[in-house]
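Per-entry structural report
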Amino acid sequence: MSVTATMSVRPAEGPERQRVAEIDDFLRRHHRRLGDGPTRLVSADGEEVPVPVQLFDLLREIAATLARGDGVAVNAISRELSTTEAAKLLGMSRPSLVRLLDDATIPAHRVGSHRRVFLRDVLDFRQRQLEERRRSYEALMRESDALGLNDE
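The text that follows walks through the structure, step by step, so that each part is easy to find. Since this is a predicted model, take the numbers as computed values, not measurements.

**A closer look at the environment of R134**
Within the secondary structure, R134 is located in helix α5 (residues 119–146). For the pair R134 and H30, spaced 104 residues apart in sequence, the C-alpha separation works out to 27 Å.

**Looking at the nonpolar core**
Inside soluble globular proteins, nonpolar side chains tend to come together where they are buried. Counting residues in hydrophobic clusters, the biggest one holds 13 residues, and the most contacted among them are L81, A86, L90, L97, I106, V117 and V122. Contributions of two or more residues to this core are made by α3 (83–90), α4 (94–102) and α5. The leading source of residues in this core is α3, at four residues. Those residues in contact with V117, other than ones at most four positions away along the chain, are R79, E80, L81, S82, A86, L101, I106, P107, A108, H109 and V122.

**A word on the sheet that holds strand β7 (residues 114–118)**
Overall, antiparallel pairing links the three strands, which are arranged β5-β7-β6 in an open sheet. The open sheet has two free edges, formed respectively by β5 (80–82) and β6 (109–111), since each of these has just one partner strand. Sheet twist, expressed as the average angle between the axes of neighbouring strands with direction ignored, equals 50°. As judged from the three bridges shared by β5 and β7, these two strands associate in the antiparallel manner. Bridge assignment links L81 to a residue of β7, and that residue is V117. In the packing of α5 onto the sheet, contacts are made with β5 and β7, and the angle to β7 comes to roughly 65°.

The rules behind each value
- Residues numbered from 1 in each chain as written.
- Predicted model: local features only at pLDDT ≥ 70, side-chain atom pairs only at ≥ 80, totals over all residues.
- Heavy atoms only, no water.
- Helix = DSSP H or I, 4+ residues; strand = E, 2+ residues; numbered from the N terminus.
- Core = buried A, V, L, I, M, F, W, Y, C linked by side-chain atoms within 4.5 Å.
- Buried < 20%, exposed > 50% of the residue type's maximum accessible area, 1.4 Å probe, protein only.
- Contact = heavy atoms within 4.5 Å.
- Pairing = 2+ DSSP bridges.
- Axes fitted to C-alpha atoms, helices over the stretch in contact; angles between N-to-C directions.

Written as structure tokens, this is what we have:
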């Protein structure tokens, strides 16, 4: 991938994991709500800076992952990806991705003779796939309930 920086954080253990769990709980209790003022980061000397939504959400996700006892790796990804990079991000083969590009399921453009896709388009596709899977699962569960398959 077009990685410019990588940071890895090992799983939290012992008292460190407890502190991470407390931060995770705090972030969940103080999640952003529409109409609330901006979340602020405050230093020990009182200096304040507003925290952008993307950074707040990332911090919340990292804290939740570390609180579960898992490690985290954060990679910077360029806004424009090669087909190989996009396929890797989606967890599929390059030929499978190329079929989606050929069908215009995921928009692509050419740079010279090479196809490129924008990161936002890849992430949008992944979100649509997750939502479709969720809808299918919920429909399956409703059908299962209607047939009495979940009864004890």
